[in-house]
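Structural description and commentary
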Amino acid sequence: MLEIKNLYANVEQKEILKGLNLNVNAGEVHAIMGPNGSGKSTLSQVLAGNDAYSVTKGAISYQDKDLLDMSTEERAREGIFLAFQYPVEIPGVSNLQFMRTAINNIRQHRGLDEMNAAEFMKQAKATIQQVNLDPSFLKRGVNEGFSGGEKKRNEIMQMLMLEPRLAILDETDSGLDIDALKVVADGVNALRSPDRAIIMVTHYQRLLDYIVPDYVHVLANGQIIKSGGKELALELEDKGYGWLGIADEKTA
Amino acid sequence: MTVLSNIDFAIQASKDLGAELQDFSQTKLEKLKSIRIPTRKTESWKYSAKRLKLTETYPQSSSTNTVNEIDNGYELDCHVIIFNNTQLSLNELGETGMTIKPFSDLNEAQSLQVVSGAIAQSNSYEFAIANSAYLQNGIYINVAKNTHINKPVKLVFLQTGEGVNFPRVFFNIESGSSITIIEEIHIQANNSPSTLVNSVCDINIEANAKAQYLRMNFDDGKSKHVGATGVNLHRDARFESYHLALGSELARHDLLVKMLGSGAECQLNGVCITQDKQHYANHTVVEHIAPNCTSDETYRCIADNEA
Amino acid sequence: MSDSEKAVKELIKREYEHGFVTDIESDTFEPGLNEDVIKRISAKKKEPEWLLKWRLKAYKAWQEMDEPEWAQVNFPKIDFNDIAYFSAPKSNENAPKSLDEVDPELLRTYEKLGIPLHERARLAGVAVDAVFDSVSIGVTFKEKLTEAGVIFCPISEAVHSHPELVKKYLGSVVPQRDNFYSALNSAVFSDGSFVYIPKGVRCPLELSTYFRINEANTGQFERTLIVAEAGSHVSYLEGCTAPMRDENQLHAAVVELVILDDAEIKYSTVQNWYPGDENGLGGIYNFVTKRAACIGKNAKVSWTQVETGSAITWKYPSCILRGDNSVGEFYSVALTNNLQQADTGTKMIHLGKNTKSTIISKGISAGKSNSSYRGLVRIGPGAEGARNYTQCDSLLIGDKCGAHTFPYIESKNKSAVVEHEATTSKVSDDQLFLCQQRGIDAEHAVSMIVNGFCKEVFKELPMEFAVEATKLLEVSLEGSVG
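Here's a quick rundown of the structure. Nothing here was measured: the structure is a model prediction, and the numbers come from that model.

1. Side note on the overall build of chain B
Helix and strand counts for chain B come out as 5 helices and 16 strands. Taking 19 Å as the expected radius of gyration for a compact globule of 307 residues, we find that chain B reaches 18 Å, a close match to that expectation. Expressed as lengths along the three principal axes of its C-alpha atoms, the size of chain B is roughly 45 × 45 × 40 Å. Burial analysis of chain B (307 residues in total) assigns 56% to the buried set. Of the contacts made within chain B by residues no fewer than 6 positions apart, 87% connect residues no fewer than 24 positions apart. Summed over all atoms, the accessible surface of chain B reaches about 12,900 Å², with 45% contributed by carbon and sulfur. Between the mean site of the 26 positive side-chain charges and the mean site of the 35 negative ones, chain B shows a separation of 7 Å.

2. Some details on the interface of chain A and chain C
Facing the 30 residues of chain A at the interface are 20 residues of chain C. Summing both partners gives a buried area of about 2,100 Å² for chain A against chain C, and 63% of it is carried by carbon and sulfur. Counting across the interface, chain A meets chain C through 2 salt bridges. A salt bridge links C:R438 to A:E155, with the nearest nitrogen and oxygen atoms 2.8 Å apart. Across the chain A-chain C interface, the total number found is 9 residue pairs in polar contact (both at pLDDT 80 or more). Breaking the side of chain A that touches chain C down by element, the ones donating at least two residues are α1 (40–48), α2 (72–77), β6 (80–83), β7 (90–94), α3 (95–109) and α5 (148–162) of chain A.

3. Side note on the pattern of salt bridges
Enumeration according to the criterion identifies 33 salt bridges over all chains in this entry. B:D77 is the partner of B:K151 in a salt bridge, and the nearest nitrogen-oxygen pair spans 3.5 Å. Within this pair, whereas B:K151 is found in the loop between β4 (139–143) and β5 (153–160), its partner B:D77 is found in the loop between α2 (49–52) and β1 (79–84), the two being separated by 74 residues in sequence. Given the relative accessible area of 28%, B:K151 is considered partly exposed. In this structure, the salt-bridge partner of C:K400 is C:D399, at a minimum N-O distance of 3.6 Å.

Analysis parameters
Residues numbered from 1 in each chain as written. Chains lettered and ligands numbered in written order. Predicted model: local features only at pLDDT ≥ 70, side-chain atom pairs only at ≥ 80, totals over all residues. Heavy atoms only, no water. Helix = DSSP H or I, 4+ residues; strand = E, 2+ residues; numbered from the N terminus. Rg over C-alpha atoms; globule rule 2.2 N^0.38 Å. Buried < 20%, exposed > 50% of the residue type's maximum accessible area, 1.4 Å probe, protein only. Contact = heavy atoms within 4.5 Å. Areas by Shrake-Rupley, 256 points an atom, 1.4 Å probe, with all protein chains shown as cover. Lys, Arg positive; Asp, Glu negative; His and termini not counted. Charge placed at Lys NZ, Arg CZ, Asp CG, Glu CD. Buried area = accessible area lost by both parts, 1.4 Å probe. Salt bridge = Lys/Arg side-chain N within 4 Å of Asp/Glu carboxyl O. Polar contact = N/O pair within 3.5 Å; in protein donor to acceptor, adjacent residues only side chain to side chain.

Encoded structure:
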């Protein structure tokens, strides 16, 4: 489904990705770990099409199409979903209105009719309860006044409503209590299917106890330096990144 | 009598502490010599200074027997640590993953953690500097990685009768773990003007860990207590505080939160009630140092009569 | 240029839709202002002596006044002698008695403006009094209104048909000497609407006026007077468009509303004056005095406006709450873009007992524009139990625009409760990216965000205006984000 070949990308004139290679097939769950500053978030943003990041070399093909040739909205409509690490607030635009507009845009792209209001409300109410958020959150502005954990659960709710083909979770587990982590994991696991792929970018091993990955990759200095199965995550947790010979760059 | 070091609190820095902590308290004692006793011209003491009424000397705190239980009208099963005047009592307590040690038992690395606390590092808080200058035996609590501490840890700062009590606490919450901390101040001063509780609590919350902090005071409404709480928040760490502040003769709390790592979050809540001629001063400072951190503050203050 | 930047620049680089000129001969005075011009205006309209005297009195007052300079706006000094003070399309010499008799060229003009008179009138039941330049053209649905006893006609007509009403109320809310521009307007006003709702009558139709400024250098000085007798109710819509021109055009209108016991006037405006081009050239100067006097007990007035045009906007629709329990409301969305400037707001003057006012002001600044909100809440010593709630929010699009707030609260009564809230926010790249990642394109995203911001005000507009307002914002926004 996704083939990344020799990807180089930079942001604010600093080169972050330095020849990254990754293949993800439908039905697979991949975890990407790495120290601060290694390029984990950059990878997510580049896949989503954030134009603050420039790709200087390399190719990405998604479902046999050139991903780099597609705009952000196109990629979304083709089924790519990014759960943001730091979801932004949009006051004045309700979660309901936002979701409805997003869903209908994607449905239109797929040649489907718009979802009617009653059907949409029903689905929205069911999904919001699935992520343990009160239905009253639907009327509030997007992420407006939400705590960190609530924002992350809202991302998962949107993911469940939009049913993407490739879901990229950018540190969705960071800042979550155990209870919220379970809710997120349940949501992601509910999405697992043979025609869907999931990439989890994570900084903490704990998530992988709940969403068991097929593959674990270590991203350091802009490249994937080691790949393995789920045991790799446990070794990392135990031994730290120094074991692979990489330093943990402190952020800010 | 203009500088704080001139006040004789009748306590000295302990010689039982390790070298790092002794150096630390020495430095703060030197600093204390340049700290002016707050007057109404001291900006952050503008409305509080006249209530300070520090006496030149304070009597020795009476050493009472170890107190094992404190009744404060609510039922909650906690790990309890009591700072009784100048005595310290740790009951049989502990949970797997939690280590509790007096300052005198700390190794070098742990001592340096204490020194790097937010309040410890700051030179803005007059009474916190005094607490550091006369550092005696504090309590160090460490929570191991990915551990959830089930029972709250309750710290009781107890002062009966005259004298001062300078309690000192340091929490190190390791990555992925969580804990609830309760601080209670109990003062039975029996109308003594020479009573003062001056507490410092520093909390270091590592990546993706969480601490809930509750602070309350129970006294006769005519006492004097000041306190400072400092919090270092690392990447994705969370801090929630709940402060029930009941007015007294002089009551002040300084809360300093430093958001050092991205994704950190803090929620500071408080209810402050003052009546008659009481006083309470709440000062909060939140430093947004790393990007993508969020902070929320909600304090509701109710003032009646001439409070 | 990034994708989102491109999309947003496309957002509106459309030509001003209404930029065209109707090719009809106009009967226009040469530029210049003196007593003679005023006499000629009065003669053209065949006005009675008392009204000419009233005009001349205003003109004398105006000559003694100084141009005000305290607003937060910059513009080149206006040469009042370089403006033509009267313009009317020639074909109006023989006034048409029905729409069928109206010059088809004119009707086509109205169609271009999106208000096919007969269509709208038939379906929506709206009576339209179209002021084409300085002369009113066509009044439809007169019959329905006449049945109800409602008077809705051009002021030039009312002066003849209902002189006692005009005499009684003209200048009672905005005196001639109130300010420099009201004095000028009182001297040279050309036409406008006169509305009178008799006791206990609920006007069966929403009344509306469309007008445009056509000729270059024609100052538009329209004058509107609406009187709602005890127990009556009326909703009035004002919407305007103007063509592209190179010279600035002055619009100094005066609107007076009189509300008696238990009556209510709802006055809505969707304003779309030509804002000037990207470099700030050629737009309309909109210096308007609008005021409502709640004279009666329980009187109620609400001003709702969506303003996106004008090179310079300077207006403070205000309410004088004289009657006990009277209520004044102000809901406004003001958008400035490119190099537009706005200094706008409202005044709520609480005089009676238990009066209440609400102010919700939303300012959107984009491009290099500057928008100021100036609000006054004044509570008089006798205003027991007065209540005011003010919310004034600013939204900045891009990083070259400005928003300023000058709230004034003057309270002379201990029992008054005055609340003020204000927010400032920005449309950010991150918000747009979130929308795009969910399949929503940037243009639509900005529109969604801006509409969300304006929601509270839009819901106060009559429905057809709400639709026009939403489209208008989209058209007017030339946002650059980043």
